[in-house]
Amino acid sequence: MSTESGLLEPAPRFWDLLAAEWIKLWSLRSIPWFVLLSALAAVGVNANAARAARAHWHSGPPPFTAHGALQEAFSRPAAAWVLLAMGAVGAIAILSEQTTGLLRTTFCAVPARREVMTAKVLVVTAVAAVFGVLTVAASVWCDAAILYGRYTGVPLTDAVALRITAASAVLAPLGALIGLGLGAVIRHSVATMVTLFLLAFILPVSITDRTHLSATLTHALPFNAWYRLTLPIAILHAPYPSTIPGAWLTFAAWAAAPALLVLLTVPRRDQ
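Residues numbered from 1 in each chain as written. Predicted model: local features only at pLDDT ≥ 70, side-chain atom pairs only at ≥ 80, totals over all residues. Heavy atoms only, no water.

A. Quick look at the environment of Leu 249. You can see Leu 249 is positioned in helix H11 (residues 244-269). The sequence separation of Leu 249 and Ala 220 amounts to 29 residues, and the corresponding C-alpha distance is 9.2 Å. (Helix = DSSP H or I, 4+ residues; strand = E, 2+ residues; numbered from the N terminus.)

And the structure:
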């Protein structure tokens, strides 16, 4: 890039692109408060689930195993909220630039468009990953405090406990990537949020698993994949049960597809 003095400016390093995307994301006034309130809401819903479970326990041996009690730390309403909230953060990260024209300005300053979008994907994923880890840690702590004395503790190094906590933590960056991809393709705030709401709340409870086709569609949803991963035991009563490897593959597909959509569509469409 030439300057008025005729000298060449060095091309932006990828680290510079990451820093720029970080600044652009947190410069949105709603993002810090929204992320904080979303985390508090998720932890509060999980803590309330643990409180309700304890309230229904009476004297005698605890009816839940340690894994079952750990599952109380990650309730389904909180998981749906995390998926929706982080999806909204990912969507805002791209829609805020598309609707204002800032994305074209960015591409004029940095012609390496795919590198710019790669930096955006990484920053959004990292922010959501930290959100997921902190939310899971706080939920586990609250669960242990509320259910203290009602079940024997289980170390997080246990295979099932590790799967439950890992799936719940990964749900946040997964939602952010889905929102980022939907925002990049749909390019309309209301339509993007409605689609996110359908994925997080409506479709998981609308599609049954009584037939092979409907079960396949159900297992392909990110929320249902998370629910399968957080079950301590296998689903034996379902006619077409999902599997642990299949649920992880669903997570991987929903993470990779939006990222590829962002990298392939945005640099071409935003001329």
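B. Molecular detail of the nonpolar core. Of all hydrophobic cores here, the largest spans 34 residues; its most connected members are Met 86, Ile 94, Met 117, Phe 131, Val 262 and Val 266. Secondary-structure elements contributing two or more residues to this core are helix H1 (14-26), helix H2 (30-55), helix H4 (76-100), helix H5 (102-109), helix H6 (113-146), helix H7 (159-186) and H11. Here this core takes nine residues from H6, the largest share from any one element. Setting aside chain neighbours within four positions, we find Met 86 in contact with Ala 128, Phe 131, Ala 172, Gly 175 and Ala 176. Among the nonpolar cores identified, the runner-up in size contains 26 residues, and Ile 178, Phe 223, Trp 226 and Ala 247 belong to it. (Core = buried A, V, L, I, M, F, W, Y, C linked by side-chain atoms within 4.5 Å. Buried < 20%, exposed > 50% of the residue type's maximum accessible area, 1.4 Å probe, protein only. Contact = heavy atoms within 4.5 Å.)

C. Layout of the packing of H1 against H6. Contact pair H1 / H6: the axes reach a minimum separation of 9 Å and the direction vectors enclose 55 degrees. With respect to H6, the element H1 is oriented oblique. Crossing hand, H1 versus H6: right-handed. Along its contact with H1, which presents Phe 14, Leu 17, Leu 18, Glu 21, Trp 22, Leu 25 and Trp 26, the element H6 presents Glu 115, Val 116, Thr 118, Ala 119, Lys 120, Leu 122, Val 123 and Val 127. When its residues are assigned to classes, the contact of H1 with H6 shows 11 nonpolar, one polar and three charged. (Axes fitted to C-alpha atoms, helices over the stretch in contact; angles between N-to-C directions. Parallel < 35°, antiparallel > 145°, perpendicular 65-115°, else oblique. Left-handed = near helix turned anticlockwise from the far one by under 90°. Nonpolar A, V, L, I, M, F, W, Y, C, P; charged D, E, K, R; others polar.)

D. Fine view of empty space enclosed by the protein. Overall, the coordinates contain two cavities of 30 Å³ or more when judged by the stated rule. Approximately 110 Å³ is the volume found for the largest cavity. When the residues that make up the lining of the largest cavity are grouped by side-chain class, the tally is seven nonpolar, five polar and no charged. Of the volumes computed, that of the second largest cavity is approximately 30 Å³. Top element by residues in the lining of the second largest cavity is helix H8 (residues 189-206). It accounts for three residues. A class-by-class count of the residues in the lining of the second largest cavity yields six nonpolar, no polar and no charged. (1 Å grid on protein atoms, 1.4 Å probe; cavity = no way out; pocket = protein on both sides within 12 Å on 5 of 7 lines; lining within 4 Å. Points joined across faces, edges and corners; volume = space filled by probe spheres on them.)

E. Representation of the packing of H7 against H11 in the model. Following both chains from N to C, one finds H7 and H11 inclined at 25 degrees, their axes separated by 8 Å at the closest point. Taken together, the axes of H7 and H11 lie roughly parallel to each other. With respect to the hand of their crossing, H7 and H11 are arranged in left-handed fashion. Judged by residue contacts, Arg 163, Ala 166, Ala 167, Val 170, Leu 171, Leu 174, Leu 177, Ile 178, Leu 180, Gly 181, Ala 184 and Val 185 of H7 engage Ile 244, Trp 248, Phe 251, Trp 254, Ala 255, Pro 258, Leu 261, Val 262, Thr 265, Val 266 and Arg 269 from H11. Looking at side-chain class alone, the contact of H7 with H11 contains 19 nonpolar, two polar and two charged residues.

F. The packing of aromatic side chains, seen in detail. Enumeration according to the criterion identifies six aromatic pairs in this entry. Here Trp 22 and Trp 26 contribute two aromatic rings whose centre-to-centre distance is 5.6 Å and whose plane-to-plane angle is 55 degrees, an arrangement assigned as tilted. Note that Trp 22 and Trp 26 are positioned in helix H1 at a spacing of four residues, about one turn of the helix. A relative accessible area of 46% places Trp 22 in the partly exposed class. Every member of this aromatic cluster is reached through a ring pair, and the members are Phe 223, Trp 226 and Tyr 227. The ring of Tyr 227 is capped by Arg 76, whose NZ or CZ atom sits 4.1 Å from the centre of that ring. (Phe/Tyr/Trp six-rings, centres within 6.5 Å; stacked < 30°, edge-to-face > 60°. Lys NZ or Arg CZ within 6 Å of the ring centre and 35° of its normal.)

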